[in-house]
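Residue-level structure breakdown
Here's the letter readout for the chains.
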Amino acid sequence: GSRNHLYLNTERDQWYCQKCRTGGNSVTLYAKVRGVNNAQAYQELISGTNIVSYCPRATPEPSYLAPLEIRHAVYYDLITMLELSREHRDSFRARGLSDERIAANGYRTLPNSPSVILQICRRLEDIYDLRGVPGFYRSNGEVHWKMHYCPGILVPYCDANGYIQGMQIRKDHIGKSGKYCWFSTNPEYKDAEGRQIYPNGTKTKSWIHVTGNIFSSTAYITEGAIKGDVASYFFHDALFLCTAGAGSVSQLKQVISQLGPQRIYG
């Protein structure tokens, strides 16, 4: 077509193709063009006489958040790599959701298996530069990315256009921190010895999940994406704006302004 689809950011060493919904860094782009894997691409790049070796930044900008298009692409592909367990599916059926709506909402079970999580990270990093994507982190000096996880259900938080802004985890085992946590890797979190738990990670924002008919003149505000998804289903796709909690409303005004409902019920 006549329109450009490839976005290049040489400052952050990132690219994203709007047409085929893939992205990454200079190594992954070279690998895609040459039809080789990332390891071979890296070796070819550093063997060039006038090519500078690519070195991942040890400490990315703490305020950097990957663009929505990249976050959505990463999260969407992550969802396609996971399944929903029978136990979790039955829990949604018990809420009254149909199998079709359960699938459409994109819920997935996080496997309680470090080896499976590791394989998923390898597959994602072959396609994308995961820098700036909440939920992923990389220890200083390491090449490969890791992922924050705990046994539970991944719950997408989508915007009005259906893009996945971020995700929450509904934990199987409820601890002191509550039933839900963000799929986030806040680099400010430290262990008892003062070491970063998620080095080079990214903090998420308190996203508002939009579900239902976005053209409705009436919007309902509720707490929790799952609760909003279920309520919207029972009320014939009524528009629900779902916060992550009572205090997580920083994005709410912007979403209301974007959608422009005439009546709002909370």
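Going by the structure above, here's the rest.
Within any chain, residue numbers begin from 1 and follow the written order of that chain's sequence. Whole-chain, interface and lining totals are the exception, using all residues; otherwise, since this is a predicted model, local features are given only for residues with pLDDT of at least 70 and side-chain atom pairs are given and counted only at 80 or more. Side-chain metrics rest on all non-hydrogen atoms present in the structure, leaving aside hydrogens and water.

Take unusual backbone geometry next. A positive phi angle, close to 60°, is found at Asn 200, a residue other than glycine. A run of DSSP states H or I qualifies as a helix once it reaches four residues; a run of E qualifies as a strand once it reaches two. Both are numbered from the N-terminal end. When you line up the elements, Asn 200 lands in the loop between strand E9 (178-182) and strand E10 (209-211). For Asp 237, which is not glycine, the phi dihedral falls at a positive 65°. Along the polypeptide, Asp 237 turns up in the loop between helix H7 (225-234) and strand E12 (239-243). Owing to a relative accessible area of 34%, Asp 237 belongs among the partly exposed residues under this scheme. For each residue, the accessible area found with a 1.4 Å probe, counting protein chains only, is set against the maximum for its type, and the residue is called buried under 20%, exposed over 50%, and partly exposed in between.

An ideal rise of 1.5 Å per residue puts 16 Å on 12 residues; helix H6 (residues 114-125) measures up with 16 Å between its terminal C-alpha atoms. Those residues of H6 that fall on the buried side of the exposure criterion are Ile 117, Ile 120, Cys 121, Leu 124 and Glu 125. End-on view of H6: buried residues confined to an arc of 125°, all on one side of the axis. In this analysis, the expected span of each helix is defined as 1.5 Å times one less than the number of residues it contains. Summarising the geometry, the arc corresponds to the directions from the helix axis toward the C-beta atoms.

Here we take up the environment of Arg 86. Tracing the backbone shows Arg 86 in helix H4 (residues 86-94). A relative accessible area of 70% places Arg 86 in the exposed class. Separated by 23 residues in sequence, Arg 86 and Thr 109 place their C-alpha atoms 9.5 Å apart.

Right, let's get into the packing of aromatic side chains. Stacked, tilted and edge-to-face are the three classes assigned to paired rings of Phe, Tyr and Trp, where Trp is represented by its six-membered ring and a pair needs centres within 6.5 Å; plane angles under 30 degrees give stacked, over 60 edge-to-face, the rest tilted. The tally for this structure, following the rule as stated, stands at eight aromatic pairs. Pairing Tyr 220 with Tyr 265 gives two aromatic rings, centres 5.6 Å apart and planes at 25°, and the pair type is stacked. Linking Tyr 220 in strand E11 (residues 218-223) with Tyr 265 in strand E13 (residues 263-265), this pair joins segments that are 45 residues apart in sequence. Exposure remark for Tyr 220: the relative accessible area of 33% places this residue in the partly exposed category. Given the relative accessible area of 43%, Tyr 265 is considered partly exposed. Taking the centre distance of 5.7 Å and the plane angle of 70° together, the rings of Tyr 233 and Phe 234 count as edge-to-face. Under the relative-accessibility criterion, Phe 234 is labelled partly exposed at 45%.

Position of Thr 202 relative to the elements: it lies in the loop between E9 and E10. Any pair of nitrogen or oxygen atoms within 3.5 Å is treated as a polar contact; in protein, a donor-acceptor pairing is required on top of that, and neighbouring residues in sequence qualify only through side-chain atoms on both sides. At 3.4 Å, the side chain of Thr 202 forms a polar contact with the backbone nitrogen of Gly 132. Dropping the residues within four chain positions of it, Thr 202 is found in contact with Tyr 64, Leu 65, Gly 132, Val 133, Pro 134, Gly 135, Phe 136, Ser 184, Thr 185, Asn 186 and Pro 187. Contacts are residue-level and defined by heavy atoms, with any inter-residue pair within 4.5 Å sufficient.

Strands pair, by our definition, only if DSSP identifies at least two bridges between them. Taken together, the seven bridges between strand E7 (residues 152-158) and strand E8 (residues 164-175) define a ladder with antiparallel strand orientation. Bridge pairing in E8 links Tyr 157 to Gly 166. Hairpin connection of E7 to E8: five residues between the antiparallel strands, including Gly 162 at a positive phi of 90°. Sheet analysis places E8 next to E9, joined by four bridges and oriented antiparallel. Bridge pairing in E9 links Arg 170 to Tyr 180.

So, about the state of the cysteines. Disulfide: a covalent bond formed between the sulfur atoms of two cysteine residues. Cysteine sulfur atoms that pair up within 2.5 Å are treated as a disulfide. Under the criterion given, the structure shown has zero disulfides. Unpaired in this structure, Cys 150 has its nearest cysteine sulfur neighbour in Cys 181, at a distance of 4.4 Å.

Bringing the environment of Pro 199 into the picture now. By the secondary structure assignment, Pro 199 is in the loop between E9 and E10. Under the relative-accessibility criterion, Pro 199 is labelled buried at 8%. Along the chain, Pro 199 and Glu 188 lie 11 residues apart, while their C-alpha atoms are 8.4 Å from each other.

Worth remembering: the numbers are spatial, not functional.
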